[in-house]
Structures are given as structure tokens and as C-alpha cells.
Amino acid sequence: MSLSSFLWALWYVLPAYVANGTPVLVGGGRPIDGGRTWRDGRRLLGDGKTWRGFIGGVAFGTLTGVIQYFITPDFYGDLKTAVLLAFLLSFGALVGDLVGSFLKRRANLPRGAPAIGLDQLGFLLSALAFAYPVKPLRGDQMLMVLIITPFIHWGANYFAYRMGWKSVPW
Ligand code: CTP
Ligand code: MG
């Protein structure tokens, strides 16, 4: 795999990264589960998943795609494709994040508890799946982003923690 196809793969998934990171800055307010519990008596998703975080993440992730289109139009072909791809990557990332929290709550992990693997890759696998029908990433590029993303995730979270945006460094 060449350096350029590796960098293109990161360029491709960038909206998913933006969508996943935005809620840390804009989240808060009403939780998506409205405080409801599942049949096990624990929260459906928990207070860490809010509407503001979800909608803000989809909005900023999609906006990222618009900016990317103006930087590299040939990569996307047309603006409509770029916006649709960025929307699906962002929406997919945040849906995957919700599924992750649902599974964490079922495993009796409190909000904010780390779940290695799920926290770093759940959002990405979901984003790649949602985006697949519009413009799939090549298999080797997919593998490469799956390998590198946990390190980017840990780095970004540590940075957010040091900036005082998050209370835990994961
Ligand atoms: N966040 C949000 N809405 C979302 C996703 C995240 O408001 N849909 C915000 C919350 O403030 C959350 C923070 O971003 O605490 C970090 O996100 P994440 O690590 O995914 O949530 P956790 O608090 O760790 O909760 P969980 O254990 O459910 O993953
Ligand atoms: Mg977390």
C-alpha cells in the first residue's frame, strides 16, 4: 500500500472522525434515551448520548464533506456525492456510537467506562458500512484505517482530556 492511498483513506474517513469528536465539544442537554431504562433496569444509552451531540456531530461531519469537496473535487466527482458520503459517514459513526453505548449499558458498564475495541472501532465500522453503497473504501485501505484509528482515537481523547474538554483520557 502506497503512502498516497493511505492518506486518501484517512481523507475518506475524516467526516466520521469529525462527527465522532464533535459531541465532546457541543454535547449536553437532553439524553437521547430520555432517561429511560431497559428491561435489565439499567439505562438504555445513558446520559453520555445527547441529542445535541448527535445532531451537532452529523452537522459538522457533513459540513466537513462540503469543505473536502472544494479542496479535492475529483475525489468525489460532484458535490451531491460528497455531501451524501459525508452525511452517511457521520450518521453511521454516531449510530455506531449509540449501539456501542447500548451494549456497554447491557454489560453493566457505567457512562464513561472504557470498552477497548468498541470505543475505538464501533463508530468506524458503522460509518464504513453506511457509506459503502455510495462510495466504498478499497479493502486494503479499510484494513489500514481500522489499524490506525485506535491510535488516533486515543491521541485525540488524550488531547481533549488535557484541554479540559473531557474528564477521562479515553
Ligand atoms: N456526547 C454527546 N452525545 C453523543 C455522543 C457523545 O453529548 N451522541 C458527549 C457526552 O458529553 C459524552 C462525550 O461526548 O460524555 C464523550 O463521548 P463518549 O466517550 O462516546 O461517551 P461516554 O461519556 O464515554 O459514554 P459511554 O460510556 O456511553 O460511551
Ligand atoms: Mg467514552
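Above: the structure in question.
These numbers come from a predicted model, not from an experiment. (Residues numbered from 1 in each chain as written. Chains lettered and ligands numbered in written order. Predicted model: local features only at pLDDT ≥ 70, side-chain atom pairs only at ≥ 80, totals over all residues. Heavy atoms only, no water.)

**Quick word on a nonpolar patch on the surface**
The condition that has to hold: Note that patches include only residues with greater than 30% relative accessible area and no salt bridge, and the join distances are 9 Å for like charges and 5 Å for nonpolar side chains (Val, Leu, Ile, Met, Phe, Trp, Tyr). Residue-level accessible areas treat just the shown protein chains as cover; the underlying method is Shrake-Rupley with a 1.4 Å probe. A side-chain nitrogen of Lys or Arg and a carboxyl oxygen of Asp or Glu constitute a salt bridge if their distance falls within 4 Å. Counting from the N terminus, the helices are the DSSP runs of H or I reaching at least four residues and the strands are the DSSP runs of E reaching at least two.
Residues V24, L25, F159, M163 and W165 make up a contiguous nonpolar surface patch of about 490 Å² in total accessible area. Relative to the assigned elements, W165 resides in the segment after α6 (139-162).

**Quick notes on the pattern of salt bridges**
Stated formally: For each residue, the accessible area found with a 1.4 Å probe, counting protein chains only, is set against the maximum for its type, and the residue is called buried under 20%, exposed over 50%, and partly exposed in between.
Applying the stated criterion across every chain, the model contains 7 salt bridges. Residue R43 is joined to D47 by a salt bridge in which the shortest nitrogen-to-oxygen separation is 2.9 Å. Since its relative accessible area comes to 42%, D47 is described here as partly exposed. Notably, a salt bridge pairs D119 with K104, separated by 3.1 Å at the nearest N-O pair. Taken as a pair, D119 in helix α5 (residues 118-131) and K104 in helix α4 (residues 79-106) lie far apart in primary sequence, 15 residues in all. Judged by its relative accessible area of 21%, D119 is partly exposed. With a relative accessible area of 9%, K104 lands in the buried category. Residues joined by salt bridges that share partners form a network here, namely D33, R43 and D47.

**Comments concerning the side chain of S5**
Applied cut-off: N or O atoms within 3.5 Å of each other form a polar contact, as long as, within protein, one can give a hydrogen and the other can take it, and as long as residues adjacent in sequence are counted only when both atoms are side-chain atoms. Here a residue-residue contact requires only that any non-hydrogen atoms of the pair lie within 4.5 Å.
Within the secondary structure layout, S5 lies in helix α1 (residues 3-26). Note on S5: relative accessible area 8%, which makes it buried. One polar contact links the side chain of S5 to the main-chain carbonyl oxygen of S2, over a distance of 3.2 Å. The residues contacting S5, other than those within four sequence positions of it, are R138 and Q141.

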